[in-house]
Amino acid sequence: MKRLIEKYLKKLEQQGLVNPKETVFIASDDRVYSNTRLSKSLVTIFDEMNINSLIIAKPVEPYKKIIESLVVSKDKVIIPQDCETRTFFHDFPVIEKVNKQSIIQALSKRKSAVSRDGRVVAYGMVSPEQAYINISSTFFSLFVKYFVDRINLKEAIPKAIYNLIKEIQPLNLKEGSIFEAGKALVSLRLVDSYFGNISFINDGLIHISQTGSSLDELEDTIVTVPLDMSSTNGIIASSEFSTHRSVYLNTDFRYIIHGHPPFTVIQSMLCDERDCVRGDMCYQSCKKERYFAGIPIVSGEIGTGTNALVNTVPNAMKQSNAVIVYGHGIFVASKEGFQQCLDEIIRIENTALMDILRTKRS
Amino acid sequence: MFGYTGKNLKIDLTTKSFEIFDTDEVLCKRYLGGRGFGVSIISDRITKDPFSEEIPIIFATGPLLATPSVTSGRMSVISRSPLTNTVFDSSVGGRFGTSLKKAGFDYLEIVGMSDKWVGIVIDGGLVRIEDGTWASGLNTKQVFEHFKDKYSTAVIGIAGENLVRFASIVFDNGHYHAGRGGLGAVMGYKRLKYIAVRGDNPIQIHHPDSLKTAVKDVMRLLRASPAIYGEFGLHRYGTACLVDVIHAKRLEPTENFKKTFFEHSSRYSAYAINHNYKSISSGCNGCPILCKKTGKDEMPIPEYETLSHFGALNCNYSLEIITEANRLCNLYGLDTISTASTIACYKEISGQVFEPKGILQLIHDIAHRNGNLGFILGEGSLRYADSVGMRHLSMSVKGLELPAYDPRGSYGMALGYAVSNRGGCHLRAYPISHEILRKPVATDRFSFEGKARIIKIAEDTNAIIDSLTACKFIFFAVSLEEFANILNAVTGLTHNVQSLLEIGDRICRLERVLNNKNGFTSKDDDLPQRFFEEEGSSSKNVKIRPINRQDFLDARGRYYTLRGADKQGRIIIADEKAH
Ligand code: SF4
Ligand SMILES: [Zn+2]
């Protein structure tokens with residue numbers, strides 16, 4: 001347990017999300033393990049909650065300022081707007097104080113919560129990894145929400161935050177392997193370690209990351225699925241497998257990366273359309289042709305179903321090597337290799353970032 | 001009472017009488033419904049012989065049944081198992097539960113024993129115990145055809161009539177079973193051949209709009225789930241979708257668990273099935289997943305466990321033989337897992353080599369208890385193996401034959417099988433979900449680290465699912481968080497994940513207490529020694545080692561601590577009153 005705590009705490013630090021010294025990570029089997037000395041009430045929290053792990057995370061910049069500013073209002077709940085977090089989290093309750101009672105109350109209903117002092121609490125039912133995933137997704141979602149809200153309200157981005165955002169530097173892959181590409185995506189923060197997916201096709205076989213795999217640890221988690229579907233072991237493939245397959249069937253691309261670069265996601269959610277009747281259902285089915293930096297933006301829910309991105313992304317990819325999915329992320333494909341995918345995703349993210357910072361700062 | 005009918009039916013087959021009485025609100029609060037109801041109701045009679053007049057058999061619905069909730073067509077059958085002697089519940093789909101609830105009953109309890117074969121017909125509020133001698137000796141399909149679609153039916157076949165210890169109860173058109181543990185034999189002992197039920201009372205819902213929202217949240221998660229709606233998922237292929245992945249991971253029980261890899265399993269994989277049969281999807285009432293597949297003439301296509309056990313476990317790769325074996329088990333009312341495993345056990349012990357067709361003959365002999373062999377195999381693999389001094393070759397826990405996941409390739413499963421209150425069952429904690437299918441997150445399948453707590457919480461969760469009553473498959477994609485909202489919308493209660501898990505813990509503890517009363521201790525929470533001594537079928541990349549005995553015992557010890565049990569697996573502080 002200790003080993004897992006250390007592993008995921010380190011990941012949170014490397015992703016630039018939390019300060020490990022001020023973050024509490026607790027996990028339990030028959031007894032409680034933690035990275036720090038625990039108060040008595042926190043030790044006993046596992047007697048009252050049937051959970052496996054709990055994180056009380058202290059964000060570092062820019063998340064610190066962003067989250068603090070999101071909890072200034074008296075709202076009791078924050079509703080994420082990006083599609084993926086919305087699907088899995090529904091909403092984040094805001095708790096007034098971080099104590100045993102408020103944690104139990106909030107986390108009995110939701111997977112994570114935000115406190116008025118800017119900390120984020122989340123739990124895992126099955127493993128410490130799950131608590132880690134819930135924390136990092138919550139951070140992502142709050143980050144996106146902050147910028148989208150500001151821009152929609154025509155409020156300028158404070159300089160203090162503006163100064164913390166940096167452009168992404170290009171990176172050369174040595175071998176161009178799927179493992180290397182996965183690691184690069186995570187280290188450049190183009191995706192949270194756990195989300196996103198990646199694949200290539202060779203000789204009628206699609207090699208794709210497994211569902212719920214960490215893109216920076218792909219060594220044992222690539223599954224090979226025949227394009228002709230003659231084996232169902234693809235049941236453990238990424239949830240976007242069908243989209244990857246459909247792109248391979250309909251285009252000449254041989255490599256695909258799907259990431260969640262935050263500023264690209266933010267851009268996808270900025271829409272000036274005034275008379276649109278979709279309300280807050282844009283992510284499901286947007287009828288308008290939209291582009292950012294020449295890249296098509298499509299709607300689409302995760303997985304299958306008539307409104308799913310499996311029905312929108314492959315189509316758009318017939319004309320473009322990249323497609324942005326509303327409130328979710330980006331698919332980038334190439335005929336040559338992962339390097340080209342990576343270059344393109346960085347280019348688009350940097351354009352998105354500069355566009356927001358250049359025009360919308362105070 | 002929102003979500004409940006408020007009434008129950010108790011039938012005594014000895015006196016041919018029945019009574020209708022109110023549902024106990026405390027029972028609803030403490031045990032929810034379904035499995036929870038059943039284990040609570042049976043608790044004061046649990047030491048009675050499964051083959052006795054006193055032992056009840058209970059058909060229990062839950063608060064979500066017959067509502068617009070998702071996968072709300074399930075219910076539970078509960079009694080004491082003649083195969084394991086433990087308290088035993090079996091979750092079953094189809095439309096029987098819906099009909100029973102719409103007929104006006106939260107549960108149906110049957111006690112006593114008739115002097116001749118009878119059937120029970122429930123038509124709305126009208127209850128009739130009728131002569132069933134006409135149906136005795138008939139197979140399950142013949143009885144369904146008698147009732148056609150007018151009623152939903154629960155029927156036993158010849159195996160149940162002959163008290164085969166793993167006889168099932170077959171529901172509706174033969175797709176749905178209270179399969180495991182021999183509950184069909186409990187009905188057989190009571191000389192109850194069938195129950196037919198129909199009704200159309202609506203169920204009151206507290207907050208229909210909140211229910212709609214909660215269901216929408218669930219649907220979105222279902223669509224995002226590869227295991228459910230993905231291209232290879234349950235919706236498309238049914239449970240047969242597991243054949244290839246279990247094969248690739250080398251935890252495919254082969255030759256009575258001597259090996260863990262069968263090179264021919266692609267012959268009966270989902271892809272092969274799709275090529276051989278034009279299958280159509282169907283499912284339980286109120287289910288959008290529709291995991292059941294049927295071929296021509298409504299022939300049920302075998303589920304994963306049946307495919308693998310009549311396949312790899314018996315070294316047979318003929319899809320035709322598997323399908324026929326499945327059909328016979330449905331007609332005779334036999335649990336396919338126990339049947340296939342008992343035959344594989346017999347093959348290993350006797351050293352007999354027979355043609356795949358021999359499997360079919362044995363199924364026939366078991367159901368009819370033909371000759372000495374048919375008789376002794378009808379007692380289940382443990383009693384059979386014991387009778388020839390080879391107890392260790394019965395691949396079972398507490399006498400319940402193990403399903404199609406080798407524990408050497410899934411350590412959570414190893415612990416889950418061992419401590420399961422109803423014996424060798426994969427569904428109590430279903431660690432395959434995280435160890436193989438990577439949901440909700442992947443865990444290391446070759447490690448016991450953290451598994452005690454995972455198994456404990458998963459058991460509690462599944463006890464809730466079986467009590468709500470919902471389907472376990474949906475939990476590949478959603479969690480209790482979403483179902484708490486559904487339950488609250490239906491009933492007006494204010495449950496959350498933790499309050500539900502408390503009820504789950506109560507149910508699991510009570511089951512263990514009831515088993516303790518019947519003498520079950522840690523010696524029964526164990527696996528066949530083969531798994532600690534023999535290596536599975538390793539490959540270049542994956543080693544399937546024997547399980548380290550000490551690691552297993554340590555994990556089991558941690559589980560006992562979490563469950564509130566002593567080192568012998570006995571619950572230390574039991575709830576004084578069951579309800
Ligand atoms: S998933 Fe299958 S077993 Fe579960 S409720 Fe739906 S049809 Fe029934
Ligand atoms: Zn994504």
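Just so you know, these numbers come straight off a predicted model, no measurement behind them. (Residues numbered from 1 in each chain as written. Chains lettered and ligands numbered in written order. Predicted model: local features only at pLDDT ≥ 70, side-chain atom pairs only at ≥ 80, totals over all residues. Heavy atoms only, no water.)

A word on the overall build of chain A
- The number of helices and strands found in chain A is 13 helices and 15 strands.
- The C-alpha radius of gyration of chain A comes to 20 Å, within 12% of the 21 Å expected for a compact globule of 362 residues.
- Counting only C-alpha atoms, chain A reaches 60 × 45 × 40 Å along its principal axes.
- When burial is assessed residue by residue, chain A has 64% of its 362 residues classed as buried.
- Put simply, 62% of the contacts in chain A that link residues at least 6 apart link residues at least 24 apart.
- Separation of charge centres in chain A, based on 43 positive and 41 negative side chains, amounts to 6 Å. (Helix = DSSP H or I, 4+ residues; strand = E, 2+ residues; numbered from the N terminus. Rg over C-alpha atoms; globule rule 2.2 N^0.38 Å. Buried < 20%, exposed > 50% of the residue type's maximum accessible area, 1.4 Å probe, protein only. Contact = heavy atoms within 4.5 Å. Lys, Arg positive; Asp, Glu negative; His and termini not counted. Charge placed at Lys NZ, Arg CZ, Asp CG, Glu CD.)

Digging into the overall build of chain B
- Assigned secondary structure in chain B consists of 24 helices and 16 strands.
- Taking 25 Å as the expected radius of gyration for a compact globule of 579 residues, we find that chain B reaches 22 Å, a close match to that expectation.
- Dimensions along the principal axes, computed over C-alpha positions, put chain B at roughly 60 × 50 × 50 Å.
- Counting the 579 residues in chain B, one finds 68% classified as buried.
- Here the analysis covers contacts within chain B between residues at least 6 apart in sequence; of these, 71% occur between residues at least 24 apart.
- On chain B, roughly 18,900 Å² of surface is accessible, and the fraction owed to carbon and sulfur atoms is 49%.
- Of the charged side chains in chain B, 71 are positive and 64 negative; the average position of the first set lies 2 Å away from that of the second. (Areas by Shrake-Rupley, 256 points an atom, 1.4 Å probe, with all protein chains shown as cover.)

A word on the packing of aromatic side chains
All names here are of chain B.
- Tallying each qualifying case throughout the model produces 35 aromatic pairs over all chains.
- Pairing Tyr411 with Phe448 gives two aromatic rings, centres 4.9 Å apart and planes at 35°, and the pair type is tilted. Here Tyr411 is found in helix 18 (residues 411–419), whereas its partner Phe448 is found in the loop between helix 19 (432–435) and helix 20 (451–468), with 37 residues between them in sequence.
- Sitting above the plane of the Phe375 ring, Arg369 keeps its charged end 4.6 Å from the centroid.
- A cation over a ring is seen here: Arg549 above Phe532, with NZ or CZ 4.6 Å from the ring centre. (Phe/Tyr/Trp six-rings, centres within 6.5 Å; stacked < 30°, edge-to-face > 60°. Lys NZ or Arg CZ within 6 Å of the ring centre and 35° of its normal.)

Quick word on the interface of chain A and chain B
- Between chain A and chain B, the residue contacts involve 54 residues of the former and 48 residues of the latter.
- Inspection of the region where chain A meets chain B yields eight salt bridges.
- Between Arg110 of chain A and Glu481 of chain B there is a salt bridge, with the nearest N and O atoms lying 2.9 Å from each other.
- For the side of chain A that touches chain B, the secondary structure elements donating two or more residues are helix 1 (2–14), helix 3 (45–48), helix 5 (83–89), helix 7 (128–152) and helix 10 (241–250) of chain A.
- At four residues, helix 5 of chain A tops the list of elements feeding residues into the side of chain A that touches chain B.
- Residue composition of the side of chain A that touches chain B, by class: 19 nonpolar, 23 polar and 12 charged. (Salt bridge = Lys/Arg side-chain N within 4 Å of Asp/Glu carboxyl O. Nonpolar A, V, L, I, M, F, W, Y, C, P; charged D, E, K, R; others polar.)

A look at the coordination of the zinc ion (ligand 2)
Residues and elements named next belong to chain A.
- In the first shell of the zinc ion (ligand 2), the protein supplies His258 (NE2), His260 (NE2) and His328 (NE2), at 2.0 to 2.2 Å from the metal.
- All donors of the zinc ion (ligand 2) belong to a single chain; written as a sequence motif, their spacing is H-x1-H-x67-H.
- Owing to a relative accessible area of 5%, His260 belongs among the buried residues under this scheme. (Donors = N, O, S within 2.8 Å, 3.2 Å for Na, K, Ca; no water.)

What about the packing of helix 20 of chain B against helix 22 (residues 497–517) of chain B?
Residue and element names in this part refer to chain B.
- Running from N to C, helix 20 and helix 22 cross one another at 95°; their axes reach a closest spacing of 8 Å. Viewed along their axes, helix 20 and helix 22 adopt a mutual orientation that is roughly perpendicular. Residues Lys456, Ile457, Glu459, Asp460, Thr461, Ala463, Ile464 and Ser467 of helix 20 pack against Leu500, Leu501, Ile503, Gly504, Asp505, Ile507 and Cys508 of helix 22.
- The residue inventory of the contact of helix 20 with helix 22, partitioned by class, reads eight nonpolar, three polar and four charged. (Axes fitted to C-alpha atoms, helices over the stretch in contact; angles between N-to-C directions. Parallel < 35°, antiparallel > 145°, perpendicular 65-115°, else oblique.)

Some points on the pattern of salt bridges
- The final tally for this structure, using the stated rule, is 59 salt bridges over all chains.
- Two residues, Glu219 of chain A and Lys183 of chain A, come together in a salt bridge whose shortest N-O distance is 2.8 Å. Of this pair, Glu219 of chain A sits in the loop between strand 9 (205–209) and strand 10 (222–226) while Lys183 of chain A is found in helix 9 (residues 178–187), placing the two residues 36 residues apart along the sequence.
- By relative accessible area, Lys183 of chain A is classed as partly exposed at 36%.
- The partner of Glu535 of chain B in a salt bridge is Lys543 of chain B, and the shortest N-O contact between them spans 3.4 Å.
- Judged by relative accessible area, Glu535 of chain B falls into the partly exposed class, the value being 40%.
- Three or more residues joined by partner-sharing salt bridges are found here, namely Arg35, Asp89, Arg428, Asp466, Lys472 and Glu511 of chain B.

Some thoughts on empty space enclosed by the protein
All names here are of chain B.
- The full count for this structure, using the stated rule, is seven cavities of 30 Å³ or more.
- For the second largest cavity, the calculated volume is near 900 Å³.
- Of all elements in the fold, only strand 5 (87–92), strand 11 (176–178), strand 14 (292–294), helix 12 (304–310), helix 13 (319–332) and helix 14 (336–350) reach the threshold of two or more residues within the lining of the second largest cavity.
- Considering every element that reaches the lining of the second largest cavity, the biggest residue donor is strand 5, with four residues.
- Split by residue class, the lining of the second largest cavity holds 19 nonpolar, 15 polar and 12 charged. (1 Å grid on protein atoms, 1.4 Å probe; cavity = no way out; pocket = protein on both sides within 12 Å on 5 of 7 lines; lining within 4 Å. Points joined across faces, edges and corners; volume = space filled by probe spheres on them.)

Notes on helix 4 (residues 63–70) of chain A
- Along helix 4 of chain A, the residues that are buried comprise Tyr63, Ile66, Ile67 and Leu70 of chain A. For helix 4 of chain A, the angular spread of the buried residues around the axis is 90°, confining them to a single face. (Arc of directions from axis to C-beta.)

Details of the nonpolar core
- By size, the foremost hydrophobic cluster in this structure holds 311 residues, and its most contacted members are Phe147 of chain A together with Phe59, Ile169 and Phe171 of chain B.
- Inspection of this core shows a minimum of three residues originating in each of domain 1 (2–162) and domain 2 (178–359) of chain A.
- Core analysis: the second largest hydrophobic core is formed by 10 residues, Val143, Tyr151, Val155 and Val170 of chain B among them. (Core = buried A, V, L, I, M, F, W, Y, C linked by side-chain atoms within 4.5 Å. Domains from an automatic or database assignment.)

Overview of the sheet that holds strand 9 (residues 152–155) of chain B
All names here are of chain B.
- Across the sheet, six strands lie side by side as 8-7-12-9-10-11; this open sheet has mixed pairing. If you trace the sheet from one side to the other, it starts and ends with strand 8 (126–131) and strand 11, each paired once. Recorded for the sheet is a direction-independent mean angle of 15° between the axes of neighbouring strands.
- Bridge count for strand 9 against strand 10 (residues 169–171) is two bridges, and the pairing is antiparallel. Bridge pairing in strand 10 links Ala154 to Phe171. (Pairing = 2+ DSSP bridges.)

Section: the site of ligand 1
Residues and elements named next belong to chain B.
- In the vicinity of ligand 1, the contacting residues are Thr71, Arg74, Gly283, Cys284, Cys287, Ile289, Cys291, Lys292, Cys471 and Phe473.
- Of all the cavities here, the one that holds ligand 1 is the second largest cavity.
- Of the residues that constitute the shell around ligand 1, the class distribution is six nonpolar, two polar and two charged. (Near = heavy atom within 4 Å. Sits in = over half its atoms within 2 Å of the grid points.)

Quick word on the pairing of strand 15 (residues 329–334) of chain A
Residues and elements named next belong to chain A.
- Extensive coverage of strand 15 is indicated by the burial of six of its six residues.
- Side chains of strand 15 alternate between two faces, with Gly329, Phe331 and Ala333 and Ile330, Val332 and Ser334 buried alike.
- Direction of pairing for strand 14 (residues 322–325) relative to strand 15: antiparallel, over a ladder of four bridges. Bridged to Val325 within strand 15 is Gly329.
- Between strand 14 and strand 15, which follow one another and run antiparallel, lie three residues, and Gly327 among them has a positive phi close to 60°.

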